[in-house]
Amino acid sequence: QVQLVESGGGLVQAGGSLRLSCAASGRTFSSYTIAWFRQAPGKEREFVTYSRWRDGRSYYADSVKGRFTISRDNAKNTVYLQMNSLKPEDTAVYYCAALASLTPSIYAYEYGYWGQGTLVTVSS
């Protein structure tokens, strides 16, 4: 059974950086797409980025492009989200998610596995 556990959230000043981790377990992920979504209070869950595990092909939402980077450590079965130049509007609960497909998706409903989320708060 696939399990995802996020960590690394916290409080950071605007313009600062933070790195989130998503520890994946349960199976090999060579045929999976791993994604990050975020959700602020009262707002819909928003796509942030995805990366195909096998080859690292990635895609970013326009709102984070150039500031956020998704990466992975195969030995640790961990996916990271490096967040730079953070803005107050980045404040949200961040979730990692896994899709058992080599065809990526930007839609939350397509993802079958989710972590519990980690809160990122960016102060102005």
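Quick look at the structure, then.

Moving on, we get to the packing of aromatic side chains. Counted according to the given criterion, the structure contains 12 aromatic pairs. Taking the centre distance of 5.6 Å and the plane angle of 40° together, the rings of Phe 29 and Trp 53 count as tilted. One end of the pair, Phe 29, is in the loop between strand E3 (18–25) and strand E4 (33–39); the other, Trp 53, is in the loop between strand E5 (46–52) and strand E6 (58–60), and 24 residues separate them in sequence. Judged on exposure class, the residue Phe 29 and its partner Trp 53 are both buried. Ring geometry for Tyr 107 against Tyr 109: centres 5.7 Å apart, planes inclined by 20°, an arrangement best described as stacked. Given a relative accessible area of 45%, Tyr 107 falls into the partly exposed group. Here Tyr 109 falls in the exposed class, since its relative accessible area comes to 66%. Of the aromatic side chains, those joined through ring pairs into one cluster are Phe 37, Phe 47, Tyr 50, Tyr 59, Tyr 95, Tyr 111 and Trp 114. A cation sits over an aromatic face here: Arg 19 above Tyr 80, 4.1 Å from the ring centre. When the ring centre of Tyr 95 is taken as reference, the NZ or CZ atom of Arg 45 above it lies at 4.0 Å.

Conventions we followed
- Residues numbered from 1 in each chain as written.
- Predicted model: local features only at pLDDT ≥ 70, side-chain atom pairs only at ≥ 80, totals over all residues.
- Heavy atoms only, no water.
- Phe/Tyr/Trp six-rings, centres within 6.5 Å; stacked < 30°, edge-to-face > 60°.
- Helix = DSSP H or I, 4+ residues; strand = E, 2+ residues; numbered from the N terminus.
- Buried < 20%, exposed > 50% of the residue type's maximum accessible area, 1.4 Å probe, protein only.
- Lys NZ or Arg CZ within 6 Å of the ring centre and 35° of its normal.

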